[in-house]
Amino acid sequence: MAAHIIDGKTVSLKIREEAKQRAAVLREKGIIPCLAVVVAGEDPASLSYVKAKGKALAEADMEGRDIRLPAAVTETELLDLIANLNNDEKVHGILVQLPLPRHIDENKVIAAIDPAKDVDGFHPVSAGNMILGRPGFLPCTPHGVLALLKELPVSLSGAHAVVVGRSNIVGTPLANLLTRRNVNATVTVCHTGTKDLARHTLQADILIAAAGKPALIKPEMVKPGAVVIDVGVNRVEDSSAKNGYRLCGDVDPAVAEKAAYLTPVPGGVGPMTIAMLLRNVIQAAEAVKI
Ligand code: NAD
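(A) Molecular detail of the overall build of the protein chain. Assigned secondary structure in the protein chain consists of nine helices and eleven strands. Its C-alpha atoms give the protein chain a radius of gyration of 19 Å, within 12% of the compact-globule value 19 Å for 290 residues. Projected onto its principal axes, the C-alpha coordinates of the protein chain cover approximately 55 × 40 × 35 Å. For the protein chain, contacts bridging at least 24 residues in sequence account for 71% of all contacts bridging at least 6. Accessible surface computed for the protein chain: about 14200 Å², of which carbon and sulfur atoms make up 54%. For the protein chain, the distance from the average site of its 32 positive side-chain charges to the average site of its 31 negative ones is 4 Å.

Next up, the structure:
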């Protein structure tokens, strides 16, 4: 039987609606939740993500401060801008769109963000809090995947989750969140050093692909009845498409014949990432002492 396709858009809209209601409560207290989004350069994927974030903020009656910088911006200029945003009481969250131009040290820039405004959850303080299970900002994509999994009529406790990818923004935090007591999965992390990837993926009750490799996960690598979450967003050339490319995930669509549940690309994890970002901005604004 074909997999049930998980509609990330619908789940994300519920979370965005909840954010909108919390934003309205804050507005009554004179606080307008505000996210500053900093983009350096003209990377087309970054610009399209930023546009989607701005639209989501506006729809939730939150403020988006769009800050566009030339690709030639210096590291010092960027760090000065972050310092100003840290001190700006009207700004509750700061998001620096990655990747940054090569001459800028991303780690230095992320570390310069006030952890109280780190709504992307990439600051070392946020990462540390997450690992220790303390309150803080969770990174949006892993948190979105978790929220999606919790919507399914599937028990996560004791399930074997296999995460393909170990990046700091997706695979590693996701593996951590899945092992928390409130999820209770047993986790295997696969990466470029993994020998015989299929041997591991075939054992997964929950398979999460976050490798950035188009159609890496084939049907023969999936256990029948598994839950498959496709985090990948890859641009592949397509001469029949208007802009010359199309988006595809890390999971071969034919996996739908093996899996019980599958997220589509686009329309699966992507919308959840934005919804969790809005939730983090609200969390930051609610923490403001008045
Ligand atoms: P990354 O390149 O930083 O990390 C990829 C990871 O996958 C690495 O840890 C690597 O070891 C592993 N990997 C690569 N090829 C592999 C292979 N053949 N076998 C096993 N492991 C392999 O990428 P990232 O930033 O973690 O993003 C991963 C994917 O998720 C990308 O397609 C990205 O566009 C997408 N993404 C989507 C969202 C969203 O909101 N939907 C958010 C962030 C990233």
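So much for the structure itself; the text now carries on.
(B) Layout of the pattern of salt bridges. Following the criterion strictly, the structure yields twelve salt bridges and no others. Lys14 is the salt-bridge partner of Glu151, the closest N and O atoms lying 3.2 Å from each other. You can see Glu151 sitting in the loop between helix 6 (140–150) and strand 5 (160–164) and its partner Lys14 sitting in helix 1 (residues 8–28), a full 137 residues away along the chain. Residue class for Glu151 comes out partly exposed when judged on its relative accessible area of 41%. Here Arg246 makes a salt bridge to Asp238, at a shortest N to O gap of 3.3 Å. Note on Asp238: relative accessible area 16%, which makes it buried. Taken together, the shared-partner salt bridges in this structure form one network comprising Glu18, Arg22, Arg279 and Glu286.

(C) Representation of the sheet that holds strand 11 (residues 261–262) within the structure. The strand order across the open sheet formed by six strands is 1-11-8-7-5-6, and the pairing between neighbours is parallel. Looking along the sheet, the strands with just one partner apiece sit at the ends: strand 1 (4–5) and strand 6 (186–190). By the bridge criterion, two bridges tie strand 1 to strand 11 in an arrangement that is parallel. Pairing of His4 across the sheet is with Tyr261, part of strand 11.

(D) Region of the structure containing the site of the ligand. Surveying the vicinity of the ligand reveals 22 residues, the closest of which are Arg166, Ser167, Val231, Val233 and Thr273. Within the side chain of Ser167, an N or O atom sits 2.5 Å from an oxygen atom of the ligand. At a separation of 3.3 Å, an oxygen atom of the ligand approaches a polar side-chain atom of Asn234. Relative to its free-state accessible area of 860 Å², the ligand is covered by the protein chains to the extent of 73%. Looking at which element gives the most residues to the shell around the ligand, the answer is helix 9 (residues 269–286), with three residues. Taken together, the residues that form the shell around the ligand break down as ten nonpolar, ten polar and two charged.

(E) Looking closely at the pairing of strand 7 (residues 206–209). Burial of strand 7 is two-sided: the residues Ile206 and Ile208 facing one way and the residues Leu207 and Ala209 facing the other way are all buried. Sheet topology places strand 5 next to strand 7; four bridges connect them, and they run parallel. Across the sheet, Ala161 pairs through a bridge with Ile206, a residue of strand 7. In this sheet, strand 8 (residues 227–230) lies alongside strand 7 in parallel orientation, the contact comprising four bridges. Bridging across to strand 8, Leu207 finds its partner in Val228.

(F) Spotlight on the nonpolar core. Leu149, Leu178, Ile208 and Ile229 are the most contacted members of the largest nonpolar core, which totals 55 residues. With eleven residues, the single largest contributor to this core is helix 9. Among residues more than four places away in sequence, those in contact with Ile208 are Val145, Leu149, Val162, Val163, Val164, Leu174, Leu178, Ile229 and Val231.

(G) Region of the structure containing the pairing of strand 2 (residues 34–40). Buried residues dominate strand 2, accounting for seven of its seven residues. The alternating pattern of strand 2 places Cys34, Ala36, Val38 and Ala40 on one face and Leu35, Val37 and Val39 on the opposite face, and all of these are buried. The pairing of strand 2 with strand 3 (residues 63–69) spans seven bridges and is parallel. Within the sheet, the bridge partner assigned to Leu35 lies in strand 3 and is Gly64. Crossover strand 2 to strand 3 through helix 2 (residues 44–59) is right-handed. Pairing of strand 2 with strand 4 (residues 93–96) involves four bridges; the strand directions are parallel. Looking at the pairing, Leu35 lines up with Gly93 of strand 4.

Definitions and cut-offs
Residues numbered from 1 in each chain as written. Predicted model: local features only at pLDDT ≥ 70, side-chain atom pairs only at ≥ 80, totals over all residues. Heavy atoms only, no water. Helix = DSSP H or I, 4+ residues; strand = E, 2+ residues; numbered from the N terminus. Rg over C-alpha atoms; globule rule 2.2 N^0.38 Å. Contact = heavy atoms within 4.5 Å. Areas by Shrake-Rupley, 256 points an atom, 1.4 Å probe, with all protein chains shown as cover. Lys, Arg positive; Asp, Glu negative; His and termini not counted. Charge placed at Lys NZ, Arg CZ, Asp CG, Glu CD. Salt bridge = Lys/Arg side-chain N within 4 Å of Asp/Glu carboxyl O. Buried < 20%, exposed > 50% of the residue type's maximum accessible area, 1.4 Å probe, protein only. Pairing = 2+ DSSP bridges. Near = heavy atom within 4 Å. Polar contact = N/O pair within 3.5 Å; in protein donor to acceptor, adjacent residues only side chain to side chain. Nonpolar A, V, L, I, M, F, W, Y, C, P; charged D, E, K, R; others polar. Core = buried A, V, L, I, M, F, W, Y, C linked by side-chain atoms within 4.5 Å. Right-handed = clockwise from strand over helix to strand, strands pointing away.

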